[in-house]
Amino acid sequence: GFWVLFDLKNLFRKKRRYSTLSFHSKIVLTQSAILIAAGFFALFFFEWNNTMHDLSLPGKFLASLFQSVTARTAGFNTIDISNLTNSSLLVLIILMLIGASPGSCGGGIKTTTFTVLMAMNFSRLRDQRQVRLFNRGIPESIISKSLGIAFFWLVAVTTASLVLLVIEHPAIPKMEGRAFFLDVLFESFSAMGTVGLSMGITPLLSDLGKIIIIILMYIGRIGPVTM
């Protein structure tokens, strides 16, 4: 996000320490690094002998890293998304759900929302009254807002997926329908996250199906709060 870039500019120009970064920047940078690394190792392992079996070791490294980053932002791909393993597709769906960071051009529930929800869960499991991150307390208003954003996001994408399965499924045989479920789920998460990745079913959707995808893209672009 632009706020973090501005904060980093001051960090390097004024030669400050990492500890002087804003609370927001620390959350964004830490969570982004964790997500990029997790996505990289997952794709590197799951696609080693699949879509990346013809690539050299440096090529596999770069392809995994690139796909891990782009699944939360621009939606470009250097490997065939339609031929990914189910495990890799699930990883990409999770990354598309979390998305980018506030103040950026990416979609998703945002890294800060995901981090707050994770911190809340850990605090509740430890029976702690206050949610804390980097020795800072998180206000209940922020926690409630994060829960609302995540809930709205999941309800919207789940509802759209269900409608797509109902209106597009009748003409598809049962066995192909099992694979179609994952195709639709991936397409819906990609649209809501404004990612742009696809398993290739977009041109095959009916006019109504395409309108649903457009609506998801619109909601994901302006955000649940604005909606």
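Our subject is the structure that appears above.
Residues numbered from 1 in each chain as written. Predicted model: local features only at pLDDT ≥ 70, side-chain atom pairs only at ≥ 80, totals over all residues. Heavy atoms only, no water.

J.: Any chance you could explain the nonpolar core here in plain terms?
T.: One recurring pattern in soluble globular proteins: nonpolar side chains tend to sit buried together. I81, L89, L92, W153, F186, F189 and M192 are the most contacted members of the largest nonpolar core, which totals 41 residues. Among the secondary structure elements, those contributing two or more residues to this core are α2 (23–46), α4 (86–98), α6 (140–168), α7 (174–192) and α8 (207–222). A total of 8 residues in this core trace back to one element, the largest contributor, which is α4. Beyond its immediate sequence surroundings of up to four residues, L89 is in contact with I81, L84, L182, F186 and M199. With 9 residues, the next largest nonpolar core counts F23, V116, I138 and I143 among its residues. (Core = buried A, V, L, I, M, F, W, Y, C linked by side-chain atoms within 4.5 Å. Buried < 20%, exposed > 50% of the residue type's maximum accessible area, 1.4 Å probe, protein only. Helix = DSSP H or I, 4+ residues; strand = E, 2+ residues; numbered from the N terminus. Contact = heavy atoms within 4.5 Å.)

J.: Could you clarify how one ought to interpret a nonpolar patch on the surface in this entry?
T.: Residues L162, V163, V166, I167, L208, I211 and I215 make up a contiguous nonpolar surface patch of about 600 Å² in total accessible area. Among the secondary structure elements, those contributing two or more residues to the nonpolar patch are α6 and α8. Counting residues per element, the nonpolar patch draws most heavily on α6, which supplies 4 residues. Relative to the helices and strands, V166 is located in helix α6. (Patch = residues over 30% accessible without salt bridge, like charges linked within 9 Å, V, L, I, M, F, W, Y side chains within 5 Å. Areas by Shrake-Rupley, 256 points an atom, 1.4 Å probe, with all protein chains shown as cover. Salt bridge = Lys/Arg side-chain N within 4 Å of Asp/Glu carboxyl O.)

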